[in-house]
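These are the residues of each chain, in order.
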Amino acid sequence: MADSLKTRVGRVIAGGVHALLDKIEDLNPQAAMEQAIREADGVIDEVRHELGTVSANRHLAQQQHAKLNRSHEDLRDQIAQALTQQREDLARAAVARQLDIEAQIPVLETTLADLARQEQELQGFTAALLAKKREMQEALADFRKSRAATESAAQPVGQSNVEQRLGKVADAFDKIYQRQTGLDGTQRAGSLDQAARLSELEQLVRDNKIAERMAQIKAGQA
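The residue count restarts for each chain, going from 1 along the sequence in the order it is written. Two thresholds apply to this predicted model, a pLDDT of at least 70 for residue-level local features and 80 or more for giving and counting side-chain atom pairs, whereas whole-chain, interface and lining totals are computed over all residues. Side-chain metrics rest on all non-hydrogen atoms present in the structure, leaving aside hydrogens and water.

Another point: the overall build of the protein chain. To qualify as a helix, a DSSP run of H or I must reach at least 4 residues; to qualify as a strand, a run of E must reach at least 2; elements of each kind are numbered from the N terminus. Across its full length, the protein chain carries six helices and zero strands. The helix and strand sequence of the protein chain, counted from the amino end, reads α-α-α-α-α-α. Residue burial is assigned from relative accessible area. The probe radius is 1.4 Å, only protein chains are included, and a residue is buried under 20% of its type maximum, exposed over 50%, and partly exposed in between. By the burial criterion, 27% of the 222 residues in the protein chain qualify as buried. Any two residues whose heavy atoms approach within 4.5 Å are treated as being in contact. The long-range share in the protein chain, meaning contacts at least 24 apart out of those at least 6 apart in sequence, stands at 76%. Accessible surface, the protein chain as shown: approximately 15,100 Å² in total, 53% of it carbon and sulfur. In these tables, accessible area is a Shrake-Rupley quantity obtained with a 1.4 Å probe, and a residue counts as shielded only by the protein chains included in the view.

Dropping the structure here:
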């Protein structure tokens, strides 16, 4: 991964919510938070693209490694046949090719190891970035709720007006989110029950992962 992309990944992960909270006093804090989420999306896309490239290169290297090993085995049989027929000249040519292959294989194995390391690193970056993006989205949602509660308390009679304004904000967020990711943004009223069930399922999966990690830690301490 290029150093510039690593720097951007680090900035997103190290910043995130704290950087957003620092902007609460800005003239338009919500726009600043939305922009930060869009920037995170951009970095995620770049990391995923590089991960795809590295994975493809590793697959090609694996194929080449397997091909060289097969060729080495085939040459061994060919050498035996050539010597049986007293064709030492052919046997020498096959041995020369074997030596070339034996010189290439260690280099290819080093390349494979490096690509595997890069792939693992990029997978880790992707998971960390997605977790940070989720954290940023939750912070934005909390900010919206706090603003909605403040406006509702200050203007109890204008509840419908507040709802209309929140609807416009949600629509704007959805358009930006869908354009950047190709996915739906906030949940609509018609799917609140589904959203609640999916949220419960996600929390269940996260709780299971936490329980598994705790079990591993306890097993290591036993």
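The subject of this paragraph is unusual backbone geometry. At Q86, a position not held by glycine, the phi torsion is positive, near 60 degrees. In this structure, Q86 sits in the loop between α3 (29-84) and α4 (88-154). Residue classification places Q86 among the exposed residues on the basis of a relative accessible area of 73%.

Attention now moves to the nonpolar core. Within this scheme, the nonpolar core is defined by two criteria: the residues are buried Ala, Val, Leu, Ile, Met, Phe, Trp, Tyr or Cys, and they are joined through side-chain atoms within 4.5 Å. Judged by nonpolar contacts, the single largest core of 29 residues is most densely connected at V43, V47 and L129. Those elements giving two or more residues to this core turn out to be α1 (3-14), α3 and α4. Looking at which element gives the most residues to this core, the answer is α3, with 14 residues.

Looking now at the side chain of Q98. Relative to the elements of secondary structure, Q98 occurs in helix α4. Q98 gets classed as buried once you look at its relative accessible area, which sits at 12%. A polar contact of 3.2 Å, which involves the side chain of Q98, links it to the backbone oxygen of H72. If we ignore the near neighbours within four places in the chain, the residues touching Q98 are H72, L75, R76 and I79. Pairs of N or O atoms within 3.5 Å make up the polar contacts considered here, provided that, within protein, one atom can donate a hydrogen while the other can accept it, and that residues adjacent in sequence are counted only when both atoms are side-chain atoms.

Turning our attention to the confidence of the model for the protein chain. A score between 0 and 100, pLDDT records how confident the predictor is in each residue. For the protein chain, the mean per-residue pLDDT works out to 79, and 70% of the residues sit at or above 70. The least confident element of the protein chain is helix α2 (residues 17-21), whose mean pLDDT is 51; the most confident is α3, at 91.

With that settled, consider the environment of A56. Take A56: it is sitting in helix α3. Between the C-alpha atom of A56 and that of L115, which follows or precedes it by 59 residues, the distance is 9.7 Å.

The subject of this paragraph is the environment of H49. Summarising the element assignment, H49 is placed in helix α3. Between the C-alpha atom of H49 and that of L122, which follows or precedes it by 73 residues, the distance is 9.9 Å.

On to α3. Look at α3: 83 Å from first C-alpha to last across 56 residues, which is about the 82 Å you get at 1.5 Å a residue. Positive phi appears at Q86, one or two residues downstream of α3, with a value of about 60 degrees. Helix span, expected: 1.5 Å multiplied by one less than the number of residues in the helix.

Put simply, a salt bridge is a Lys or Arg side-chain nitrogen that is within 4 Å of an Asp or Glu carboxyl oxygen. Overall, the coordinates contain eight salt bridges when judged by the stated rule. Here E119 and R58 are joined by a salt bridge, their closest N and O atoms 2.5 Å apart. Residue E119 is found in helix α4, and its partner R58 is found in helix α3; the two are separated by 61 residues along the sequence. Look at R58 and you get partly exposed, because its relative accessible area is 22%. With its nearest N and O atoms 2.4 Å apart, the salt bridge here joins R76 to E73. Remark: E73 and R76 occur in helix α3; sequence separation between them is three residues, near one turn of the helix.

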